[in-house]
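Examination of the molecular architecture
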Amino acid sequence: MKVTEADERAFAEANSEAKSRYGRFNLAVIGGTGVGKSSLVNAVFGRDLAKVGKGLPVTRGVKYYSDPSLGIWDIEGFEIGSAAPPADILRGHLRTISERPAIERVSVVWYCVLSQLPRLTQPDIDMIRELDAAGLPVILVLTKVDWSKNPITGKRTAPDDVTEFQEWLEEPVDGDGRPIHIPIERVILTSTAGKHGKGKGHGLGEIVAETLTLSPDNEKDAFRIAQRLNLPWKRELARPVIAGAASAAAGAAAVPVPVADAMVLAPIQLAMMGRIAAIYDLELTTMMSAGALAQLGVQISGQALARSFIKLIPGAGSVINAGVAFALTAATGEAWLRLCENVHTGKIDVSKVTDSWSDYAPGLLEVVRKVAERRVLKR
Ligand SMILES: Nc1nc2c(ncn2[C@@H]2O[C@H](COP(=O)(O)OP(=O)(O)OP(=O)(O)O)[C@@H](O)[C@H]2O)c(=O)[nH]1
Ligand SMILES: [Mg+2]
């Protein structure tokens, strides 16, 4: 059976529909030159937007990088000798941002301070207050923390002056010991590399968890998709998609339809796959060529076609067929999820997706056997 163009479109349309529904998560990263803003963004979101994204110098000291699921407002911290007070400059930046399209609106701010200079200057405090006044939740990120590791317990500790600063932030006071208000939600200590630029980062899981907590409810899914560190969040988003497709497949198969199974089920499965790909933030065009996608459609349709033979088996009525359609769609979804996960984490090269699929795709016979067994057990 030839795969129709409609099948490919089912994948592509579901993919882009899901992408636009989940929308974009926008983060503002503020900090002085070289404090490690870009490194942090790369570590959490797994991509160098400054290199790959469409960078846009919006105004002096403000750049906007974006791809479909993520927008980064890269804002220069205050520079010594700047003409206007930093808070005034920042207020201007925030006004500029608020006049941009809604899809670019900032949700959360990471205010980055180099841990080697663990203090907040008055301009820093003024800027943080300005962000708070604009209704933006601020995470204070201490960057490039030089952890030392206890060789016996393996416990990591930050330098003393960093810990002291962290304690001061819990109840900040001015030089005269009077309490001052610094509207930050959290302080998080991070590093994206070890002392010599190698090794893994620390504090990243914490920054991801806190950013999700502070995100508005209608942008949490966008953040779950944009970030690259927490895979369970993505699985949680993908599972209902699979369940929905499996039910739809069962429904389509239970009703005697005048068209071949493949015509009905392949679009359901391909749309499911397109949605899952969106959750893993995988671009259809980078994942596979149109030809490769067609090939994938052939495989799925082949399974569906084989399914229609089951109808010919004496005693295997439309109910068994619906059960098989359900189970096979669910198994296909799980297999595709695992494949997407492996592409997402870099275990599989995107160019190998089509070749790898046969290793993941559920075997039809296996699925039919399981469904049949379950029915026998139920009796
Ligand atoms: N040791 C160590 N070095 C880091 C860490 N994070 C970043 N760096 C290094 O610090 C330098 C500056 O990092 P960037 O991420 O480019 O800093 P930035 O704030 O984006 O800098 P600008 O965009 O130039 O303002 C780079 O050489 C990084 O490799 C860290 O956690 N530990
Ligand atoms: Mg940078």
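Residues numbered from 1 in each chain as written. Chains lettered and ligands numbered in written order. Predicted model: local features only at pLDDT ≥ 70, side-chain atom pairs only at ≥ 80, totals over all residues. Heavy atoms only, no water.

As annotated in an unreviewed UniProt entry, the protein chain carries the name DUF697 domain-containing protein and comes from Microbacterium radiodurans. UniProt, in its Subcellular location (unreviewed entry) section for the protein chain, records the words "Membrane". (UniProt positions renumbered as here; feature names shortened; annotations may be inferred.)

**Some remarks on unusual backbone geometry**
Negative phi values dominate among residues other than glycine, just as trans dominates among peptide bonds. If you check the backbone angles, Lys 144 has positive phi at about 55° while not being a glycine. When you line up the elements, Lys 144 lands in the loop between strand 6 (138-143) and strand 7 (148-149). For Asp 281, which is not glycine, the phi torsion reads 55° and is therefore positive. By secondary structure assignment, the location of Asp 281 is in the loop between helix 10 (261-279) and helix 11 (284-287). (Helix = DSSP H or I, 4+ residues; strand = E, 2+ residues; numbered from the N terminus.)

**Description of the pattern of salt bridges**
Opposite charge on two side chains permits pairing when their charged atoms draw close. Evaluated as defined, the whole model comprises 14 salt bridges. Ionic pairing is found between Asp 217 and Lys 220, a salt bridge with its closest N-O pair at 3.8 Å. Between Asp 281 and Arg 228 there is a salt bridge, and its shortest N-O distance comes to 3.4 Å. Of the two residues, Asp 281 sits in the loop between helix 10 and helix 11 while Arg 228 sits in the loop between helix 8 (220-226) and helix 9 (231-254), which places them 53 residues apart along the sequence. Here Asp 281 falls in the buried class, since its relative accessible area comes to 12%. The partly exposed category is assigned to Arg 228, whose relative accessible area is 23%. Taken together, the shared-partner salt bridges connect Glu 17, Arg 21 and Arg 275 into one network. (Salt bridge = Lys/Arg side-chain N within 4 Å of Asp/Glu carboxyl O. Buried < 20%, exposed > 50% of the residue type's maximum accessible area, 1.4 Å probe, protein only.)

**Things to note about the packing of aromatic side chains**
Inspection of the entire model under this criterion finds seven aromatic pairs. Taken together, a centroid distance of 4.3 Å and an interplanar angle of 35° make the contact between Tyr 64 and Trp 73 tilted. By relative accessible area, which is 0% here, Trp 73 ends up buried. Aromatic ring contacts, followed pair by pair, group Phe 25, Phe 45, Trp 110, Phe 223 and Trp 233 into a single cluster. It is Arg 21 that lies over the ring of Tyr 22; its NZ or CZ is 5.1 Å from the centre. Above the plane of the ring of Trp 147 lies Arg 156, whose end atom (NZ or CZ) is 4.6 Å from the centre. (Phe/Tyr/Trp six-rings, centres within 6.5 Å; stacked < 30°, edge-to-face > 60°. Lys NZ or Arg CZ within 6 Å of the ring centre and 35° of its normal.)

**A look at the pairing of strand 6**
Burial analysis of strand 6 places six of its six residues in the buried class, which makes it a mostly covered element. Bridge analysis of strand 5 (residues 108-114) against strand 6 gives six bridges, and the strand direction is parallel. Counted as the bridge partner of Leu 114 is Thr 143 from strand 6. Assessed by its sense of winding, the connection that carries the chain from strand 5 through helix 5 (residues 122-133) to strand 6 is right-handed. (Pairing = 2+ DSSP bridges. Right-handed = clockwise from strand over helix to strand, strands pointing away.)

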